[in-house]
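Understanding the architecture of this molecule
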Amino acid sequence: MELIQNTPDLSAYLAADEVIDHHHPLVRETAARLAEGVVDSYGYARAAYEFVRDTVPHSQDAGDPRVTWRASDVLELRTGICHAKAHALAALLRAEDIPTAFCYQSLLHDDDGDDGGDDGGSEYVVHGLVAVRFNGAWHRQDCRGNKPGVDVRFSLDGERLAFPVDPQSNEVDYPVLYAEPHPVVLSALRAAPDRPHLWKTLPAAL
């Protein structure tokens, strides 16, 4: 699949805003700590990825009802669903000048631990990833966190995602690389008072 930037301006994939607030002191401090001892930007990207994957529990896995969406809040509260964790990782990567995009899949909830289908949610749910740019190419990464049956890893040599799509089930890999989180996804995150409510309002497709 060819990944497509939604803007040709590469600097847009380094920008800070209210969501990807990599100017925030906590984000800057975390980035500086992760940068210690790494030899290059690849080493930093891997360290940042593993930090978010392993030290910010996926709220579904942890049974945490809280909903986060701002990168600094995800790092402070140490909880979030896939989208929130992607926001935190993007902030850490952009803090060290690594272009980072947001990208998405539409998955059946039975295959995706990010959805609460038994709470009356949609049959499908949008799952959030990031893509990092190295050596002139984009590489998708999934930092949702590991659990039985899920083994995500940072990789520039073949994708190690949580949920490879099944086209026969009408699952979709969206090729667009967004410089900002998708507004429909972000709107659901910001409006949700808790995770059970969020499962009912996350979009099924983009």
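Residues numbered from 1 in each chain as written. Predicted model: local features only at pLDDT ≥ 70, side-chain atom pairs only at ≥ 80, totals over all residues. Heavy atoms only, no water.

**Comments concerning the overall build of the protein**
A tally of regular secondary structure across the protein gives seven helices and six strands. The order of helices and strands in the protein, counted from the N terminus, is β-α-α-α-α-α-β-β-β-β-β-α-α. Compactness check: the protein gives a C-alpha radius of gyration of 16 Å against a globular reference of 17 Å for 206 residues, within 12% of the reference. Counting only C-alpha atoms and orienting by the principal axes, one finds that the protein spans roughly 45 × 35 × 30 Å. (Helix = DSSP H or I, 4+ residues; strand = E, 2+ residues; numbered from the N terminus. Rg over C-alpha atoms; globule rule 2.2 N^0.38 Å.)

**A few points about unusual backbone geometry**
Residue N135 is not a glycine yet carries a positive backbone phi of 55°. Within the secondary structure layout, N135 lies in the loop between β3 (124-134) and β4 (137-141). Notably, N170 is not glycine yet its phi reads approximately 65°, a positive angle.

**Side note on the packing of helix α1 (residues 25-35) against helix α5 (residues 82-95)**
Helix-helix packing: each pair is described by the crossing angle between the helix axes and the interaxial distance. Running from N to C, α1 and α5 cross one another at 65°; their axes reach a closest spacing of 9 Å. By the angle class used here, α1 and α5 are roughly perpendicular. As α1 runs across α5, the sense of the crossing is right-handed. Residues V27, R28, T30, A31 and L34 of α1 form the contact with α5, whose own contacting residues are A91, L92 and A95. Among the residues making up the contact of α1 with α5, the classes are represented as six nonpolar, one polar and one charged. (Axes fitted to C-alpha atoms, helices over the stretch in contact; angles between N-to-C directions. Parallel < 35°, antiparallel > 145°, perpendicular 65-115°, else oblique. Left-handed = near helix turned anticlockwise from the far one by under 90°. Contact = heavy atoms within 4.5 Å. Nonpolar A, V, L, I, M, F, W, Y, C, P; charged D, E, K, R; others polar.)

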